[in-house]
Amino acid sequence: MLSDPTLLPSDNPRVPAASHPFRHVVDLQTRFADIDMLGHVNNNVYFSFMDLGKIDYFLAVSGGRFSMADLKAVVVNVNCDFFEPSYFTEPLQVWTSVAHIGHRSFTIEQRVVSKKTGSTKCIGRTILAGFDPATRQGAPLDETFVSLTEQFEGISRTL
């Protein structure tokens, strides 16, 4: 059983090695409705899994003081590469990391991983861009969010 999401090599040659550590992990619960006719977790469900990871990640970064209003960013791109199926009884985790943070956007990388074997089921990337709800226009990222994320991840902003 994995307890630390370190940079593990994959048995699957199609899974790219992570270029950064994952400092945040959430155990997932698979529901009956998540399973398709073949007994696999449906591909759409992985996006819900990753959303659970994002919310918990933001709470961890903020010390539990996160609210959606604090983020002041909107999703501008989401994509996911699938590597192998997950099954109903398989214990899963979502690993989350901010892989890049700039002045106006940041990229979250997430991996859904078998808790038992460490195999990567999928890799998702979400790009969020700063947004001012008052003007409904793009904006620089919130400096408090950037600072907290840099501290949590041990990274510096790329300008």
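Residues numbered from 1 in each chain as written. Predicted model: local features only at pLDDT ≥ 70, side-chain atom pairs only at ≥ 80, totals over all residues. Heavy atoms only, no water.

S.K.: Mind laying out the overall build of the protein chain, listing which residues take part and the relevant values?
M.R.: Helix and strand content of the protein chain: 3 helices and 6 strands. Going from the N terminus to the C terminus, the protein chain shows its helices and strands as β-α-α-β-β-β-β-β-α. Relative to its 159 residues, the protein chain shows a buried fraction of 42%. Taking the contacts inside the protein chain whose residues are at least 6 apart along the sequence as the reference set, 68% of them involve residues at least 24 apart. As displayed, the protein chain offers around 8800 Å² of accessible surface, 55% of which is attributable to carbon and sulfur atoms. (Helix = DSSP H or I, 4+ residues; strand = E, 2+ residues; numbered from the N terminus. Buried < 20%, exposed > 50% of the residue type's maximum accessible area, 1.4 Å probe, protein only. Contact = heavy atoms within 4.5 Å. Areas by Shrake-Rupley, 256 points an atom, 1.4 Å probe, with all protein chains shown as cover.)

S.K.: How would you sum up the confidence of the model for the protein chain? Please name residues and give values.
M.R.: Note that predicted coordinates carrying low pLDDT should not be read in detail. Of the residues in the protein chain, 93% have a pLDDT of 70 or more, and the chain-wide mean is 90. Taken element by element, the protein chain is modelled with least confidence in helix α2 (residues 68–71), mean pLDDT 77, and with most confidence in strand β1 (residues 24–28), mean pLDDT 97. Residue range residues 1–5 is modelled with pLDDT below 50. Its contacts to residues more than four positions away, or to other chains, number 12 contacts. (pLDDT = per-residue confidence, 0-100.)

S.K.: Quick rundown of the nonpolar core? Include the residues and the values.
M.R.: The biggest cluster of nonpolar side chains holds 14 residues, and the ones touching the most others in it are F58, L71, I101 and F106. Elements with a contribution of two residues or more to this core: α1 (43–61), β3 (92–101), β4 (105–114) and α3 (143–153). Of the residues forming this core, the biggest block, 3 residues, is contributed by α1. When near neighbours in sequence (up to four residues on either side) are disregarded, F106 contacts F58, L71, A73, V98, H100, I101, T126, I127, L128, L141 and F145. Counting 12 residues, the second-largest nonpolar core is a separate cluster that includes V26, L28, Y46 and M50. (Core = buried A, V, L, I, M, F, W, Y, C linked by side-chain atoms within 4.5 Å.)

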